[in-house]
Each structure stands twice: as structure tokens, then as C-alpha cells.
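# Report on the structure
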Amino acid sequence: MRPVLTHEIPATVGLVRAFSYPVLRYFRTLGKWNLGALTPQQVNALTTPLVPGTSGMIPEAPLEGIDRRLADVLFEDGRATIETLARRASTSETTAARRLEWILANRRVQIRALVEPLVAGRPVEAMLWLKASPDKVEQLGRSLASHPQVRYAAAVAGERHVVADVVFETNAALYDFTTRSEWTRDAEAIETTLLLHARKRGGRLNPGEA
């Protein structure tokens, strides 16, 4: 078990209780969230074959040499230009571009843009904690994931069965979503918790520092 669960969280000053819900199945991840603000043409323009459509990275030996230096720069600034990468990695722009293509194509590093809901005009964010009978969990998760308001949805182990991160323009829109949507027919109970502030939106530990 990672130290964050066994040491870091329990040692947090002021913490009274902590709960852990292991994820059993993802219905939508943050990397797959599409607010619907872009046209299909714009989405295609931002799509590249260098970044496969998967949320996982291939576990292999740590990166070394130029590849390690390029990855370190990208961990600091995912928008770094080839010129910056080459200068910081002490190599030519041609070599930097070629090695960057290999790193991305082989999923040794992933570059992902995380959209802040408030900036996208969705200031109301909430977590939905749902209970459902076993035969309804899959249908419930899939139905939730079909809505653009749902940033994240997963089946979890524990007293809740599905958890979802949702965003809206108003509290009234959140109310309508949790009382009038078709997916509510598959939920036995719904608990809604509003998010006041997000300290960290996502990311992954730098493999070189693990």
C-alpha cells in the first residue's frame, strides 16, 4: 500500500477521519471528460497519434540520459517547446524532437490538459456518492458517463457503489440532474457533497522520484 495512505494522510494535522474506496471499474476518467465546448474539427486538430487513447502508462525501466532530462522538463512544464527541451536537456532540437516522439509514442510520459471547471463556466462542483443493487451498477455508471456534466465516474468497493464528480452552472442545474435525470431510476440512494475548493486536480508521481 502506498505511503500516502499509511503514513501521510494519517499524519495530517487536524484530520479526524479518512475513508478509502478502492476503484473497481472506471466509467469515465478526467482525461476523457469532454465538456462539449469544442467542435469535432477542433477535437481532431488537438488529437495526435503520439498519445494513445489510454489512461495507463507502460511500466518499464526508468528513463535515462536525454530521455530522463526531457521528462524532467516536461514534469515542470508540459507546454515546453522543442527549443526549451533541447536547451534544458543539452542536446540538439532534432534529437529532442525525435526522443520526445519516442517517449510519447511508447507511453513513457503522458501530457494531459486539466480543465478547471470554474474557468469553463461551471462554478458548482459536487461529488455524488451512489448506492445501487449489484445488477444496476454497470448500467448506472454507463448512464452517468454519457452526460457531459460528469467529469469522473467509477464503481468502487465499500458502502457506496458508484462515485461521480459533476459540474454545473448553478445549484438549480445540480438539483435537476440529481432528481430528474433518467439515471436516478437505477440509484437506490444519492448523497451529494459540494466541493468548495480543489487543492489538486490530477497528476502522477514523477517516476524518477518514486
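Here's a quick rundown of the structure. Just so you know, these numbers come straight off a predicted model, no measurement behind them.

This part covers the packing of helix α4 (residues 82–89) against helix α5 (residues 93–105). Packing of α4 against α5 brings their axes to within 8 Å, and their N-to-C directions diverge by 105 degrees. Judged by the angle between their axes, α4 and α5 are roughly perpendicular. Here α4 contributes Ile82, Glu83, Leu85 and Ala86 to the contact with α5, which in turn contributes Glu93, Ala96, Ala97 and Leu100. Residue classes in the contact of α4 with α5 are distributed as six nonpolar, no polar and two charged.

Turning to the pairing of strand β4 (residues 162–168), a few remarks are in order. Counting buried positions along β4 gives seven out of seven residues, so the element sits mostly inside the fold. Taking every second residue as pointing to the same face, both faces of β4 are buried, with Val162, Ala164, Val166 and Phe168 on one and Val163, Asp165 and Val167 on the other. Of the pairings in the sheet, the one linking strand β2 (residues 124–131) to β4 comprises seven bridges and is antiparallel in character. Paired with Met127 across the bridge in β4 is Asp165. Relative to β4, strand β3 (residues 150–156) is paired through five bridges, and the arrangement is antiparallel. Residue Tyr152 lies in a different strand from β4, and its bridge partner there is Asp165.

Another point: the sheet that holds strand β1 (residues 23–28). Across the sheet, five strands lie side by side as β1-β3-β4-β2-β5; this open sheet has antiparallel pairing. Edge positions in the sheet fall to β1 and β5 (189–194), since each has one partner strand and no second. Along the sheet, successive strands turn relative to each other by an average axial angle of 20 degrees, direction set aside. Pairing geometry for β2 and β5, over six bridges, is antiparallel. Bridging across to β5, Lys131 finds its partner in Ala189.

What counts as what
Residues numbered from 1 in each chain as written. Predicted model: local features only at pLDDT ≥ 70, side-chain atom pairs only at ≥ 80, totals over all residues. Heavy atoms only, no water. Axes fitted to C-alpha atoms, helices over the stretch in contact; angles between N-to-C directions. Helix = DSSP H or I, 4+ residues; strand = E, 2+ residues; numbered from the N terminus. Parallel < 35°, antiparallel > 145°, perpendicular 65-115°, else oblique. Contact = heavy atoms within 4.5 Å. Nonpolar A, V, L, I, M, F, W, Y, C, P; charged D, E, K, R; others polar. Buried < 20%, exposed > 50% of the residue type's maximum accessible area, 1.4 Å probe, protein only. Pairing = 2+ DSSP bridges.

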